[in-house]
Amino acid sequence: MSAYFSISLGLLCSAMTVFAASAEPSVPHLREGQLIVDGRPFFVRGGELSNSHGEPDYLRPSWAKLRALNLNTVLAPVYWNLIEAEEGQFDFATVEGLLADARANDMRLVLLWFGSWKNSMSAYVPAWVKRDTMRFPRVLDSAGRAHEILSPFVAANAEADSRAFAALMRYLRENDGEHTVILVQVENEIGMIPEPRDHRPEADQAFSGPVPAALLKSLRERAASDSLATNQLLRGRARVGAHIEEGTWAEVFGEGVEAEEIFMAWQFACYTEQVASAGLAELALPLYTNAALIRPGYQPGQYPSGGPLPHLFDVWRAGAPSLSFLAPDIYFQNFTYWARHYARDANPLFIPEALRSNEAAIHALYVLGEHRAIGFSPFAIESTPEPTASYLAASYDLIRQLTPLFRPSHEKSGARQSAGLLKESAETKQPQQVRLGNWTIYAHFEHTAPYSLGEGGAVIVGQDNSVFDGVGVAGAMPGQLSPAGGLVLMLGEDEFLFAGMGLTLTFASAETGAWQAGLLNVEEGRFDEHGDWQHVRWLNGDQTHQGRHVRLEPGRFCIQRVRLYRYR
């Protein structure tokens, strides 16, 4: 055992327990990029409920399944139309039920405020808002047609939403002293469709007027710091270095749909800020909002335009400073691309919605290892089928064991200490290369288990192995692909922890000289409830290809500790 890791993790956890017990319970908050709950780092092993699954009586039969998935947090919607069916009269029975059932099942909650907008539309506003279109106007398209989207340019819309959201946060302050709720999402997938911007008279007037000074000031500051988002936003227009000229939206951002989208992003952000700040005045929980991502080739208006998308980051940060972070809902195959675009510029990565697929189990490990994410959550979690459910439960069990090891102090030196292991795309053929310390790690991905050696098969280093159809050692059915990937954490100079499945790993010394990399020992194990490492078995012989590689077999999640040495 390396000197670095000789101190029992159990002792660390015990010390943290004593510290937490001696301190007053604090409101969940962000610190050094981590979510802190009850004084400890907390990774959201989450699952988001389907939109209409959030009423306590209907949800109650699903809690046993949610526990079996090894969740520690449920993302549940709160519906404006239910809590304020009559203007000014609030009924929090649904929230009360969610709090009680979450506590009974030892779960935390992330509440999703379905207020003015849900997937762009205003489907969850109360009936008294829907019916009074004079007081609460909708957006208009360029032909003057109204759409079922509250206009962000009308003060009455924002004021009504803000009052309701403040009432929700006040209820939590008065009734959730246990901090069952750890995060709150403000609105859901905000954006303008089917055109890039609102064409109400108020909107037309604002679009023809000057870009607000507050936005220009913020963009100047970010341009001076060479912000990627601002550079993409301006595309070289109306600026020299950090100097951004004043003018109308078209003059600053150019003619066309791009300027219209930026215009809407600013207005949506300012509206969201009014709602969020009203809530924070009641309870200072971390708040965020989420984005519906862009399909390849789509233009503003074809997707929910103006939402908290990567190219609009700086607009949203300027307009909605009360939000702690912006979050992506990732349903596309290029998972690493979107995760990377949200894990930047001091924006903690949290994925409130992800495709409920077999790969979700790998994606959860990947974002923890690669981006030190604060949480991950597949959508429609209550309906998760097999084998997806078993994969996710096993992955979340590993994350439960590993979370205490991911401390901010690991990264303070500036040296990378962990990485996620995942193919960039299905077409990627080369192994993933990761440099940690003085070692280079090469990760090959196995999506289907080959036949075992006893059945006449072989493990071929560097091959995808998906060509091996039939019943493999992991019991894969013919043609069935299991997910592959995971994470690596550096424990010491020559010691690593790997978690995941479907990985074949080889190593090279990054030091100068003709050194070869060797496996000193490879050990499978797990961390117990006290954080102490428990040995399961030593791996050697056929399991390491006679010392040539480390292998986390397809179809079964595990943790392996690896110690390397150099020889020549």
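Calculation rules
- Residues numbered from 1 in each chain as written.
- Predicted model: local features only at pLDDT ≥ 70, side-chain atom pairs only at ≥ 80, totals over all residues.
- Heavy atoms only, no water.
- Salt bridge = Lys/Arg side-chain N within 4 Å of Asp/Glu carboxyl O.
- Helix = DSSP H or I, 4+ residues; strand = E, 2+ residues; numbered from the N terminus.
- Buried < 20%, exposed > 50% of the residue type's maximum accessible area, 1.4 Å probe, protein only.
- Pairing = 2+ DSSP bridges.
- Patch = residues over 30% accessible without salt bridge, like charges linked within 9 Å, V, L, I, M, F, W, Y side chains within 5 Å.
- Areas by Shrake-Rupley, 256 points an atom, 1.4 Å probe, with all protein chains shown as cover.
- Core = buried A, V, L, I, M, F, W, Y, C linked by side-chain atoms within 4.5 Å.
- Contact = heavy atoms within 4.5 Å.
- Axes fitted to C-alpha atoms, helices over the stretch in contact; angles between N-to-C directions.
- Parallel < 35°, antiparallel > 145°, perpendicular 65-115°, else oblique.
- Left-handed = near helix turned anticlockwise from the far one by under 90°.
- Nonpolar A, V, L, I, M, F, W, Y, C, P; charged D, E, K, R; others polar.

Side-chain pairs of opposite charge can arise whenever the charged atoms involved come near each other. Evaluated as defined, the whole model comprises 27 salt bridges. Where Glu 424 meets Arg 340, a salt bridge forms, and the shortest distance between an N and an O atom there is 3.3 Å. In this pair, Glu 424 is assigned in the loop between strand E16 (418-421) and strand E17 (432-436) and Arg 340 in helix H14 (residues 335-342), connecting sequence segments 84 residues apart. Between Arg 566 and Glu 511 there is a salt bridge, with its nearest N and O atoms 3.3 Å apart. Separated by 55 residues along the polypeptide, Arg 566 in strand E25 (residues 558-567) and Glu 511 in the loop between strand E21 (503-509) and strand E22 (516-527) bring together distant segments of the chain.

Buried residues dominate strand E5 (residues 73-79), accounting for seven of its seven residues. Residues Thr 73, Leu 75, Pro 77 and Tyr 79 of E5 are buried on one face, and the alternating residues Val 74, Ala 76 and Val 78, pointing to the opposite face, are buried as well. Judged from the three bridges that link them, strand E4 (residues 44-48) and E5 form a sheet pairing that is parallel. Considered in E5, the bridge of Gly 47 is made with Val 74. Where E5 lies against strand E6 (residues 108-118), seven bridges are found, and the strand directions are parallel. Following the sheet pairing, Thr 73 is matched in E6 by Arg 108.

A cluster of nonpolar side chains, Leu 520, Tyr 565 and Tyr 567, forms an exposed patch at the surface whose accessible area comes to about 280 Å². Inspection of the secondary structure puts Tyr 565 in strand E25. According to the relative accessible area criterion, Tyr 565 is partly exposed, its value standing at 35%.

Moving on to the sheet that holds strand E3 (residues 40-41). Read across the sheet, three strands follow the order E1-E2-E3 without closing on themselves; strand pairing throughout is antiparallel. If you trace the sheet from one side to the other, it starts and ends with strand E1 (29-31) and E3, each paired once. Note: E1 against strand E2 (residues 34-37), three bridges, orientation antiparallel. Along E2, the bridge assignment pairs His 29 with Ile 36.

Below, the discussion takes up the nonpolar core. Ranked by size, the top nonpolar core spans 121 residues in total, and within it Leu 172, Trp 316 and Phe 376 carry the most contacts. Considering every element that reaches this core, the biggest residue donor is helix H12 (residues 257-280), with eleven residues. If we ignore the near neighbours within four places in the chain, the residues touching Leu 172 are Val 95, Leu 99, Leu 111, Val 181, Val 184, Leu 283 and Leu 285.

Further remarks concern the environment of Ala 265. Its location among the elements puts Ala 265 in helix H12. In this structure the C-alpha to C-alpha distance between Ala 265 and Ser 305, which are 40 residues apart in sequence, comes to 7.6 Å. Excluding residues within four positions of it along the chain, Ala 265 makes contact with Gly 306, Leu 312, Val 315 and Trp 316.

What follows deals with the packing of H14 against helix H15 (residues 360-371). For the pair H14 and H15, interaxial distance at closest approach is 11 Å and the crossing angle is 40°. Classified by the angle their axes make, H14 and H15 are oblique. Between H14 and H15 the crossing geometry is right-handed. Contact residues: Phe 335, Thr 336, Ala 339 and Arg 340 in H14; His 363, Tyr 366, Val 367 and His 371 in H15. For the contact of H14 with H15, the per-class residue count stands at four nonpolar, three polar and one charged.

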